[in-house]
Amino acid sequence: MTGREPIANAAPAGGPSAVVPDAGPARAAAPRSGHQLPDVLDRRFVVVSGKGGVGKSTLAAAIGWAAASCGRRTCIVQLNTRDAMGPIFLGRDAVGYEPVRLDPRLPLWSVDLRPEPALREYGLMKLRFAALHKLVFENEVMRRLLRMVPGMTETLLLGKAWFMEAAEQDASGRRRWDVLVVDAPSTGHGISLLRLPETLLKVISVGPMADDARQMQALLVDPTRTALHIATLPAELPVNEALDLAGEAIGSIGLPSGWMIANQVLPGLADGADCEALVAAVATSDDALLRHSLDNAQAMLRWREQQQTQLRRLRQASPLPVVEVPHQLGPIHVAAVRALAEQLCEAPSAQLAGGALARGVVGVSAPAASSP
Ligand SMILES: Nc1ncnc2c1ncn2[C@@H]1O[C@H](COP(=O)(O)OP(=O)(O)O)[C@@H](O)[C@H]1O
Ligand SMILES: [Mg+2]
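Residues numbered from 1 in each chain as written. Chains lettered and ligands numbered in written order. Predicted model: local features only at pLDDT ≥ 70, side-chain atom pairs only at ≥ 80, totals over all residues. Heavy atoms only, no water.

A rise of 1.5 Å per residue sets the reference length of helix α9 (residues 236–253), with its 18 residues, at 26 Å; its end C-alpha atoms lie 25 Å apart and thus fit the reference within 8%. Buried residues of α9: Pro238, Val239, Ala242, Leu243, Leu245, Ala246, Ala249, Ile250 and Ile253, and no others. (Helix = DSSP H or I, 4+ residues; strand = E, 2+ residues; numbered from the N terminus. Expected span 1.5 Å × (residues − 1). Buried < 20%, exposed > 50% of the residue type's maximum accessible area, 1.4 Å probe, protein only.)

This paragraph deals with the environment of Lys51. Here Lys51 lies in the loop between β1 (45–50) and α1 (56–69). Classification of Lys51 by relative accessible area gives partly exposed; the value is 28%. Distance in space between the C-alpha atoms of Lys51 and Ile230 is 8.8 Å, their sequence separation being 179 residues. Within the structure, the side chain of Lys51 is placed 3.4 Å from the side chain of Glu241, a separation counted as a polar contact. (Polar contact = N/O pair within 3.5 Å; in protein donor to acceptor, adjacent residues only side chain to side chain.)

Attention shifts here to the packing of helix α6 (residues 152–166) against helix α8 (residues 208–220). As a packed pair, α6 and α8 sit with axes 10 Å apart at the nearest point and diverge in direction by 70 degrees. Accordingly, the angle class assigned to the pair α6 and α8 is roughly perpendicular. Considering how the two elements wind past one another, α6 and α8 form a crossing that is left-handed. Contacts from Thr155, Leu158, Gly159, Trp162 and Glu165 of α6 reach α8 at Asp212, Gln215, Met216, Leu219 and Leu220. (Axes fitted to C-alpha atoms, helices over the stretch in contact; angles between N-to-C directions. Parallel < 35°, antiparallel > 145°, perpendicular 65-115°, else oblique. Left-handed = near helix turned anticlockwise from the far one by under 90°. Contact = heavy atoms within 4.5 Å.)

A sheet is described by the order of its strands in space; here 8 strands give the open sequence β3-β4-β2-β5-β1-β6-β7-β8, paired in mixed fashion. Whereas interior strands pair on both sides, the edge strands pair on one side only; in this sheet they are β3 (100–103) and β8 (322–326). Between one strand axis and the next, the sheet turns through 25 degrees on average, direction left out of account. Running at roughly 175 degrees to strand β5 (residues 179–186), α1 makes contact with β1, β2 (74–79), β3, β4 (108–113), β5, β6 (226–232), β7 (257–265) and β8 of the sheet. (Pairing = 2+ DSSP bridges.)

Lining the immediate surroundings of ligand 1 are 14 residues, of which Lys56, Ser57, Thr58, Asn263 and Gln328 lie closest. Contact between ligand 1 and Val54: an oxygen atom at 3.3 Å from a main-chain N or O atom of the residue. Between ligand 1 and Gly55, the relevant distance is 3.0 Å, taken from an oxygen atom to a main-chain nitrogen or oxygen of the residue. For ligand 1, the accessible surface in isolation is 560 Å², of which the surrounding protein chains cover 70%. Breaking the shell around ligand 1 down by element, the ones donating at least two residues are α1 and β7. The leading source of residues in the shell around ligand 1 is α1, at 3 residues. Here the shell around ligand 1 is composed, by residue class, of 4 nonpolar, 8 polar and 2 charged. (Near = heavy atom within 4 Å. Areas by Shrake-Rupley, 256 points an atom, 1.4 Å probe, with all protein chains shown as cover. Nonpolar A, V, L, I, M, F, W, Y, C, P; charged D, E, K, R; others polar.)

Looking now at the pairing of β5. Of all the 8 residues making up β5, 6 are buried; the element is thus mostly covered by neighbouring parts of the structure. Where β1 lies against β5, 5 bridges are found, and the strand directions are parallel. When the sheet's bridge partners are listed, Phe45 is paired in β5 with Leu180. Across 5 bridges, β2 lies against β5 in parallel orientation. Across the sheet, the residue bridging to Ile76 is Val181, located in β5.

Before going further, it helps to spend a moment on the side chain of Asp178. Its place among the elements puts Asp178 in the loop between α6 and β5. In terms of polar contacts, Asp178 uses its side chain to reach the backbone amide nitrogen of Arg73, at 2.8 Å.

Let's shift gears to the nonpolar core. Core analysis: the largest hydrophobic core is formed by 46 residues, its most contacted members being Phe45, Cys75, Val77, Leu113, Ile230, Met260 and Leu314. Take this core: its biggest share by element is 8 residues, from α9. Residues contacting Cys75, with those up to four places away along its chain left out, are Trp109, Ser110, Val111, Met164, Trp177, Val179, Leu180 and Val181. Of all hydrophobic cores here, the second largest spans 40 residues; its members include Ala60, Trp65, Ala66 and Leu340. (Core = buried A, V, L, I, M, F, W, Y, C linked by side-chain atoms within 4.5 Å.)

This part covers the pairing of β7. For a regular strand, the rule is simple: side chains alternate between the two faces of the sheet. With 8 of 9 residues buried, β7 lies mostly within the body of the structure. As paired elements, β6 and β7 share 4 bridges and run parallel to each other. Bridge assignment links Ile230 to a residue of β7, and that residue is Met260. With respect to chirality, the unit in which β6 leads through α9 into the neighbouring parallel β7 is right-handed. In the sheet, β7 pairs with β8 via 4 bridges, with the strands oriented parallel. Residue pairing for β8: Val265 is matched across the bridge by Pro326. (Right-handed = clockwise from strand over helix to strand, strands pointing away.)

Scanning all chains against the criterion turns up 1 aromatic pair. Between Trp109 and Trp177, the aromatic rings sit 5.9 Å apart at their centres with planes inclined by 70 degrees, giving edge-to-face as the arrangement. On the criterion of sequence distance, the pair formed by Trp109 in strand β4 and Trp177 in the loop between α6 and β5 is long-range, its members being 68 residues apart. Looking at Trp109, the relative accessible area reads 0%, which means it is buried. (Phe/Tyr/Trp six-rings, centres within 6.5 Å; stacked < 30°, edge-to-face > 60°.)

The next point concerns the environment of Gln310. Mapped onto the elements of the fold, Gln310 is located in helix α11 (residues 288–317). Residues Gln310 and Pro234 lie 76 residues apart in sequence; the distance between their C-alpha atoms is 5.4 Å.

Positive phi outside glycine occurs at Asn80, with the angle close to 50 degrees. Within the element layout of this structure, Asn80 appears in the loop between β2 and α2 (85–90). With relative accessibility at 31%, the residue Asn80 sits in the partly exposed group. A positive phi angle is found at Gln264, which is not glycine, with a value near 60 degrees. Mapped onto the secondary structure, Gln264 falls in strand β7. The class for Gln264 is partly exposed, based on a relative accessible area of 29%.

Written out as structure tokens, the structure reads:
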């Protein structure tokens, strides 16, 4: 999984696109853009976490789009949440427990994992007989257990995501997925989710559940398969929270680090020279529209300056390379997701060259070196 194919539906015959997880619509050629998938986005288990509302789902969609565009059979994994991928890609809630194809041109699917079907699947796998499963798992006691035991729901969801990575196969016995992009819950929940296998192993150290937890843990800390990307906004509180998350996830849990993605960075729509020209024009005119334009330009400039201050702080303190993606002015549908994907794929050469990479803080293509 270190391929560097350009972003496009470039999978060769017999390559990743030849076998798809389920019968989707005929595959038309995907839009070509000539970008490449950076190594750090090209892992089997790509986790996107961060504070609520900073753009985790949007960035998970962009990373998924980028991977699928390079021919990777990709599934964006949502965890028991309101479906975000259906509205972005299909204009409606559409994703449930079974994979739903998000774009007929790309090998891109999404699931929204739910604890009850995950428990059913896990139970059937372990017990093999549906009747026995019904007896053991499908009863009120089990349902109450699921609701009451702390971490039980999350364990099932993470377990299913791990199973998708480790064992799901298509009818011909091939691995079903090349890349899973996990749209993780917001910071606090995300951290306890990613700590789960470790926590479980402290409680149960032998038996089939412990074996599974051990394999889950092995996946989470494996820099050849996993990368954690942290989404944030260029504003004070999200930056603080992102830095805390980076310290905990990478420092204390030992997750392989990906990028710190600063989302919704304002483009330089107005600069100081524009404002000076407007100030001069307003001084000799009583045109209300001109004054209004000046107010808008100054407000935009101040907002962008505040963002830039936070970005500087983020770049100085982040143990992960900081990658910026722009605030999209239109609605977040496929075109916007594609634009963000392209921005992310250009990141290593353009943005990181002058940032963390150049300072030798972290190597984008050498993630092992960046994990403790
Ligand atoms: N780069 C962006 N430009 C403009 N709007 C964005 C961008 N990223 C996210 N948004 C919007 O911000 C809101 C929160 O994004 P979302 O991905 O749902 O965040 P999260 O999953 O972290 O809660 C949504 O309305 C989304 O459309
Ligand atoms: Mg979300």
